[in-house]
Protein chains: 2
Amino acid sequence: MTRSAVFDHPNDAFATERDTSLDPQDWEVFRADAHRGLDMMIDYLRDVRDRKVWQPAPAEVRAEFKAPMPQQGKPLGELLKTFETSMLPYATGNTHPLFMGWVHGGGTPVGMVAEMLAAGLNSNCGGRDHIAIDVEREITLWLAEAFDFPRESSGVFVTGSSMANMIATLVARTDILGEQVRTDGLRATGQLVGYASTEAHACIERAFEMSGVGSAFLRRIPVNRKHEMDGAALRAAIAEDRAAGLLPFVVVGSAGTVNTGAIDDLARLADICVEEDIWFHVDGAFGALGVLSPELKPLLNGLERADSVALDFHKWLQVPYDAGFFICRHPDLHRRTFMSTAAYLSRAPRGLAAADIWPCDLGPDLSRGFRALKTWFTFQSFGAEQLGATLAQTCRVARHLEALIRRSTVFELSADVTLNIVCFSVKGDTTGRVNREIVMDLHESGVAAPSTTKIGGRPVIRAAIVNHRTQMRDMETFVAAAEACAARVMAERAAPVAP
Amino acid sequence: MTRSAVFDHPNDAFATERDTSLDPQDWEVFRADAHRGLDMMIDYLRDVRDRKVWQPAPAEVRAEFKAPMPQQGKPLGELLKTFETSMLPYATGNTHPLFMGWVHGGGTPVGMVAEMLAAGLNSNCGGRDHIAIDVEREITLWLAEAFDFPRESSGVFVTGSSMANMIATLVARTDILGEQVRTDGLRATGQLVGYASTEAHACIERAFEMSGVGSAFLRRIPVNRKHEMDGAALRAAIAEDRAAGLLPFVVVGSAGTVNTGAIDDLARLADICVEEDIWFHVDGAFGALGVLSPELKPLLNGLERADSVALDFHKWLQVPYDAGFFICRHPDLHRRTFMSTAAYLSRAPRGLAAADIWPCDLGPDLSRGFRALKTWFTFQSFGAEQLGATLAQTCRVARHLEALIRRSTVFELSADVTLNIVCFSVKGDTTGRVNREIVMDLHESGVAAPSTTKIGGRPVIRAAIVNHRTQMRDMETFVAAAEACAARVMAERAAPVAP
């Protein structure tokens, strides 16, 4: 078929209004279905506590999702039914109060409504002059206020802190090498080297991989007993690298490590970065928003001196997934790391292509949903005071869990509890095998979902209290279930192997 | 305040059930508000044609979004009212049938419902064993089917093609240099070099910047009259680079360029890549899904031979923002580019941490919303046939616009119309200044929103027909409005300057 012939056939099947759009043929039928879907989700969230935290999808349900691409459409009502029976029961479980795996936020009903509004509006927040950009800027202002950053700080929504930490790596790279690195690449320069603690998140390593610096040049600085980066060791590593002719370009402090919730001594790191003239970035994926709580804010002392911060609104702040953020106190440097001069990104003096700085000047994305809206609704619905109180509450629940573990005859603590993460182990489980079995059993029981992590090389049980729904009394349920699992696992191990 | 003292005060303000969650205090009050919000959005989408495409937000509305962080919460009903009066009227406008700026999808009411479900479910799709991961895998299967890729191809949702093209750059980097590049970085290797046409999207350049290769090492290959990459010039560039000791590692074909919708001769590029043993990536941001239309599929001949493809479901397929995708025919190489061994990402034999490949093994994100759901609902609601017909319809509307421009006494075409993008200019506007004025006037009129781009260095008017709502008859409205603007602009230019 030649190109010019493609549309030359006379049979225009799309001439009628009905066929030429994907809007509903009958808006009122659609409306009724949509409302049914909304009610289903409201009931689901209201009754979350009555269900299992998690259950595996049966093989026949999984098989439904291995079908060929559908050629014909199905009514929305039928699809909602499939969603209800084959998806809703087999979710991650992080909406449930007894989900404590990894660091997952629980979401809120308000966040769900906001996301629906955003999807209807369907804004592309890469740039242009429309209100979604103003809302995103307002969130940046709020964060600058909360972090005691300059009002002119630049900020941008991304998927999550993995991407925000990648952006930090790139802006820090521009800081030391200039914009020229964008054109010339890394072979034309000295070898960059950066620093983070042994407890820092693996996405820092990934940022070094993706950016071409190489993860071998991310120095993993040892931590003290509280899992905080050792300042003296950091200084020594920098001195050694400088002596070897390398170019130290970024120190990444952790505000809430993924394993134990530890917060580096940010003020100390800030001092070192000033003395050494190195970019100070803080990976505050879940911990940075602790500034909203007057009780927690002192733990984050020094954050206000960071050059940039990565954080996630979908963790402690309960905004629905995903809503990561990067904020930078040097807007010009930030912009010079990403801004492009492509014709279709050029700015007009007026009209839809007006405005000066677009979000696509501040990060890798050009197509971007309206993440600011669900974040805006979250702040506006609850206010910073209640949000801060919610963060403090998760820490209080963690303290309660800590106390229960201290009293337990079966378990012992594996790390200090700084914030909201409690790591513990079966006493005497030197290999961590019993811990792993307990966690899998708990998942399959549907009662509670902690995760495992490794501390000192040994798998331990980790409970991250991130969900706003988690109550003090849930910790009694959790520990009792964990102790029952432990007894069962240990009995099985002690039992003679069946002939 | 010492760390241990933080939670030791006796006044526990969070002991009551009411205060310890962000769920509604009264679910029925919340339910009523949520349904009102849904109705507002359904009416908004139903009546989209009756409104202006776009209007600038007045200064007093913008000022509302410069307030300090709210300390106290507000009722949802009040926030919905603010959304209705201060946000809805000032959106990007891409839901409107006469929005033709850049390449923006229009979204669908079904997509909005699906996004609401996803936000309520609040799955983190970075990994673990839950149904959202199965749904994402099913979309990968469907794409593999549509592209004639192997069934075992790997795929991952990302924000958009900017990120998908970045992933392609990284996987191609692994292909030539091995996994070692993740650790060692780019200074330890030869200089990589890649190829794309002069019409390829700027995000390819950005991928070269971010990955440390350097944009100077993205060769911009000239195009023919149809804006397709010149194969002979590509061969010559590769030969020259090899002779200079550089390492050619990726050729990026464009399937639907942003300026004119041109599609490179993908079969030719595939041949060259096989001969030269270079990774063949296709940036099919909006064009790749043309395979769903039997009429358009022949234009994409050769796509089935690509090593990887980047695409956006939020453009031609009308999935709400954002929903980009990367698919790769070499799953092992793809995984080896991203997989991490961090303890908290380790896999368990059973329970929530089971399953073999997680999406975080295939891309940079660990926190990821459930983008697959809105995509799944879109395919299931309409079926591939109707979706393909919708794509073809946008091309037919573009052909109609082309015909109107050919008949116009004011305008002339600036480029061939391959797919759904029509570039045109006021006759004799050698500087493009009149074109730019017309576009800004059209935006401010609210009647239609095309954009500008540069062709041969001159700003021209560009209409990208991407929205499923755009009808044949809208083109008459558009051209008449554009002609009226042209007459006004030219009259103003001809008039003597006021004293």
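This one's a predicted model, so the numbers in the text were calculated from it and none came from an experiment.

Student: Account for the overall build of chain A, naming residues and giving values.
Tutor: Helix and strand counts for chain A come out as 14 helices and eleven strands. In terms of overall dimensions, chain A has C-alpha extents of about 80 × 65 × 50 Å along its principal axes. Look at the contacts in chain A between residues 6 or more apart in sequence, and 74% of them connect residues 24 or more apart.

Student: Tell me about the relation of the copies chain A and chain B, residues and numbers included.
Tutor: Note: a rotation about an axis with an accompanying shift along it relates these two copies of the chain. Once chain A is rotated about the relating axis by 180 degrees and shifted along it by 0.0 Å, it coincides with chain B to within an RMSD of 0.0 Å. Both copies of the chain, as the preceding transformation shows, are related through a two-fold rotation axis. Here 100% of the contact residues of chain A are again contact residues in chain B; the copies associate through an equivalent surface.

Student: Give a description of the interface of chain A and chain B that names residues and reports values.
Tutor: Contact residues are listed per partner, giving 156 residues for chain A and 156 residues for chain B. For the side of chain A that touches chain B, the element with the most residues is helix 12 (residues 371–407) of chain A, which contributes 15 residues. Looking at the side of chain A that touches chain B residue by residue, the class counts come to 75 nonpolar, 50 polar and 31 charged.

Student: Outline the sheet that holds strand 11 (residues 458–464) of chain B, supporting the account with residue identities and numerical values.
Tutor: Residue and element names in this part refer to chain B. With respect to topology, four strands assemble into an open sheet ordered 8-9-11-10, the strand pairing being antiparallel. Looking at which strands have only one partner, the edges of the open sheet turn out to be strand 8 (411–413) and strand 10 (451–455). The average undirected angle you get between the axes of adjacent strands in this sheet is 45 degrees. Along the sheet face, helix 12 (residues 371–407) touches strand 8, strand 9 (421–426) and strand 11 and points at about 15 degrees away from the line of strand 9.

Student: Could you give an account of the environment of Gly388(B), with specific residues and numbers?
Tutor: Residues and elements named next belong to chain B. Its place among the elements puts Gly388 in helix 12. In sequence terms Gly388 and Leu317 are 71 residues apart; their C-alpha atoms lie 8.8 Å from each other. Ignoring any residue separated from it by four or fewer positions in sequence, one finds Gly388 in contact with Leu292, Ser293 and Pro294.

Student: Break down unusual backbone geometry for me, with residues and values.
Tutor: All names here are of chain A. Cis geometry is adopted by the peptide bond preceding Asp322, which originates at Tyr321 and carries an omega value of -10 degrees. Counting through the fold element by element, Asp322 comes out in the loop between strand 6 (308–312) and strand 7 (324–328). Of note, Asn122 is a non-glycine position whose phi angle comes to about 60 degrees, a positive value. Structurally, the position occupied by Asn122 is in the loop between helix 4 (109–121) and helix 5 (131–147). A count of 27 C-beta atoms within 10 Å places Asn122 in the buried class.

Student: Got a sec to walk through the sheet that holds strand 2 (residues 192–197) of chain B? Specific residues and values, please.
Tutor: Residues and elements named next belong to chain B. Strand order in the open sheet formed by seven strands is 1-7-6-5-4-2-3, and the pairing between neighbours is mixed. Each edge of the open sheet carries a strand with a single partner, namely strand 1 (154–158) and strand 3 (218–221). In this sheet, neighbouring strand axes are inclined to one another by 20 degrees on average, regardless of whether the strands run parallel or antiparallel. When strand 5 (residues 279–283) meets strand 6 (residues 308–312), the two strands line up parallel, connected through three bridges. Bridged to His281 within strand 6 is Ser308. Across the sheet, helix 5 (residues 131–147) lies against strand 1, strand 6 and strand 7 (324–328), angled at about 65 degrees from strand 7, the strand it touches most. Lying over the sheet, helix 6 (residues 161–177) contacts strand 1, strand 2, strand 4 (247–254), strand 5, strand 6 and strand 7, oriented at roughly 170 degrees with respect to strand 6.

Student: Could you give an account of the confidence of the model for chain A, with specific residues and numbers?
Tutor: All names here are of chain A. Residues at a pLDDT of 70 or more form 95% of chain A, whose mean pLDDT is 94. Across residues 1–18, confidence stays below pLDDT 50; counting only partners more than four residues off in sequence or on other chains, it has 15 contacts. The complex model carries a pTM of 0.95, and its ipTM stands at 0.95.

Student: An account of the domain arrangement of chain A is needed here, citing residue identities and associated values.
Tutor: All names here are of chain A. Domain parsing of chain A yields domain 1 (123–369) and domain 2 (386–494). When each unit is reduced to the centre of its C-alpha atoms, the spacing between domain 1 and domain 2 is 32 Å. Contacts between domain 1 and domain 2 engage 21 residues on the former and 17 residues on the latter. Taken together, the residues of the side of domain 1 that touches domain 2 break down into nine nonpolar, nine polar and three charged.

Student: Run through the pairing of strand 6 of chain B, naming residues and quoting values.
Tutor: Burial analysis of strand 6 of chain B places five of its five residues in the buried class, the great majority of the element. Because side chains alternate across strand 6 of chain B, one face comprises the buried residues Ser308(B), Ala310(B) and Asp312(B), and the other comprises Val309(B) and Leu311(B), equally buried.

Student: Could you give me a rundown of helix 3 (residues 76–87) of chain A, with the residues and numbers involved?
Tutor: For helix 3 of chain A, which comprises twelve residues, the first-to-last C-alpha distance of 15 Å matches the rise-based estimate of 16 Å (1.5 Å per residue) to within 8%. Leu76(A), Leu79(A), Phe83(A) and Met87(A) are the residues of helix 3 of chain A that are buried. With its buried residues spanning 60 degrees around the axis, helix 3 of chain A presents them on a single face. Where helix 3 of chain A is buried, its residues meet helix 1 (27–46) of chain A together with helix 4 (109–121), helix 5 and helix 12 of chain B.

Student: Account for helix 13 (residues 433–445) of chain B, naming residues and giving values.
Tutor: All names here are of chain B. Taking 1.5 Å per residue, 13 residues should reach 18 Å; helix 13 reaches 18 Å between its end C-alpha atoms and fits that length. Within helix 13, the full set of buried residues consists of Val434, Asn435, Arg436, Glu437, Ile438, Val439, Met440, Leu442 and His443. On the buried face of helix 13, the contacting elements are strand 9, strand 10, strand 11 and helix 14 (472–494). Positioned one or two residues after helix 13, Gly446 has a phi angle of 80 degrees, which is positive.

Student: Before we move on, could you go through the packing of helix 1 of chain A against helix 1 (residues 27–46) of chain B and cite the residues and values that matter?
Tutor: Interaxial distance between helix 1 of chain A and helix 1 of chain B falls to 10 Å at its minimum, and their mutual angle equals 150 degrees. Relative to helix 1 of chain B, the element helix 1 of chain A lies roughly antiparallel. Helix-helix and strand crossings are classified by hand; for helix 1 of chain A and helix 1 of chain B the assignment is right-handed. Here helix 1 of chain A contributes Trp27(A), Arg31(A), Ala34(A), His35(A), Leu38(A), Ile42(A) and Arg46(A) to the contact with helix 1 of chain B, which in turn contributes Trp27(B), Arg31(B), Ala34(B), His35(B), Leu38(B), Ile42(B) and Arg46(B). The class makeup of the residues in the contact of helix 1 of chain A with helix 1 of chain B is eight nonpolar, two polar and four charged.

Student: Describe in detail the pairing of strand 1 of chain B, supporting the description with residues and values.
Tutor: Residues and elements named next belong to chain B. Counting buried residues in strand 1 gives five out of five residues, a clear majority hidden from the surface. Burial along strand 1 is two-sided: Ser154, Val156 and Val158 and Gly155 and Phe157, pointing in opposite directions, are all buried. Across five bridges, strand 1 lies against strand 7 in antiparallel orientation. Along strand 7, the bridge assignment pairs Ser154 with Cys328.

Student: Lay out the environment of Trp54(B) in plain terms, naming residues and giving numbers.
Tutor: Here Trp54(B) is to be found in the loop between helix 1 and helix 2 (59–64). Distance in space between the C-alpha atoms of Trp54(B) and Asn435(B) is 19 Å, their sequence separation being 381 residues. If sequence neighbours within four positions are ignored, Trp54(B) has contacts with Leu352(A), Gly93(B), His443(B), Gly446(B) and Ala449(B).

Student: Any details on the packing of helix 6 (residues 161–177) of chain A against helix 8 (residues 202–210) of chain A? Residues and values, ideally.
Tutor: Residue and element names in this part refer to chain A. Where helix 6 meets helix 8, the axes come as close as 9 Å, and the angle between the chain directions of the two elements is 50 degrees. Between helix 6 and helix 8, the crossing angle belongs to the class labelled oblique. Judged by the sense of rotation from one axis to the other, the crossing of helix 6 with helix 8 is right-handed. Note on element contacts: helix 8 touches helix 6 through Cys203, Ile204, Arg206, Ala207, Phe208 and Met210, opposite Ser161, Ser162, Asn165, Met166 and Thr169. Per-class residue counts for the contact of helix 6 with helix 8 are six nonpolar, four polar and one charged.

Student: I'd like a description of the environment of Leu117(B), backed by residues and values.
Tutor: Positionally, Leu117(B) belongs in helix 4. Through-space distance from the C-alpha of Leu117(B) to that of Phe370(B) is 9.6 Å; in sequence the pair is 253 residues apart. Residues within four places of Leu117(B) in sequence aside, it is in contact with Gly37(A), Met41(A), Phe83(A) and Leu373(B).

The rules behind the values
- Residues numbered from 1 in each chain as written.
- Chains lettered and ligands numbered in written order.
- Predicted model: local features only at pLDDT ≥ 70, side-chain atom pairs only at ≥ 80, totals over all residues.
- Helix = DSSP H or I, 4+ residues; strand = E, 2+ residues; numbered from the N terminus.
- Contact = placed C-beta atoms within 7 Å.
- Least-squares fit on C-alpha atoms with pLDDT ≥ 70 in both.
- Nonpolar A, V, L, I, M, F, W, Y, C, P; charged D, E, K, R; others polar.
- Pairing = 2+ DSSP bridges.
- Axes fitted to C-alpha atoms, helices over the stretch in contact; angles between N-to-C directions.
- Buried ≥ 20, exposed ≤ 12 C-beta atoms within 10 Å, placed from the backbone.
- pLDDT = per-residue confidence, 0-100.
- Domains from an automatic or database assignment.
- Expected span 1.5 Å × (residues − 1).
- Arc of directions from axis to C-beta.
- Parallel < 35°, antiparallel > 145°, perpendicular 65-115°, else oblique.
- Left-handed = near helix turned anticlockwise from the far one by under 90°.

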